[in-house]
Amino acid sequence: MTTTLIERKWHTTAEVAQMLGYGLSKTKMLVLTGEIHSIKDGRNRRILPRWVDEYVERRAREAEMEWSA
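Residues numbered from 1 in each chain as written. Predicted model: local features only at pLDDT ≥ 70, side-chain atom pairs only at ≥ 80, totals over all residues. Heavy atoms only, no water.

Caption draft 1: Representation of helix α3 (residues 49–68). Its 20 residues place the ends of α3 29 Å apart at the C-alpha level, agreeing with the 28 Å of an ideal helix rising 1.5 Å per residue. For α3, every residue scored as buried is listed here: W51, V52 and Y55. Angular distribution of buried residues about the axis of α3 spans 110°; they occupy a single face of the element. Among the exposed residues of α3, those pointing more than 90 degrees away from its buried face are M65, W67 and S68. Check the buried side of α3 and you find it contacts α1 (13–20), α2 (24–32), β1 (39–41) and β2 (44–46). (Helix = DSSP H or I, 4+ residues; strand = E, 2+ residues; numbered from the N terminus. Expected span 1.5 Å × (residues − 1). Buried < 20%, exposed > 50% of the residue type's maximum accessible area, 1.4 Å probe, protein only. Arc of directions from axis to C-beta. Contact = heavy atoms within 4.5 Å.)

Here it is as structure tokens:
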């Protein structure tokens, strides 16, 4: 018997908030302003894992630029 592991293809806004350690309101604002990319799926927003990674990388680069200034 083979076990298949299915990885999550996308996350909810609440899941992303928890992953980032942000509040739900802040995360929703980041989505609405386009800071974190998302797609509309019916009444819900969905966020691809790579979009979360892109946001984190962008914020890290911005912080590094501030530190070096």
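Now, onward.
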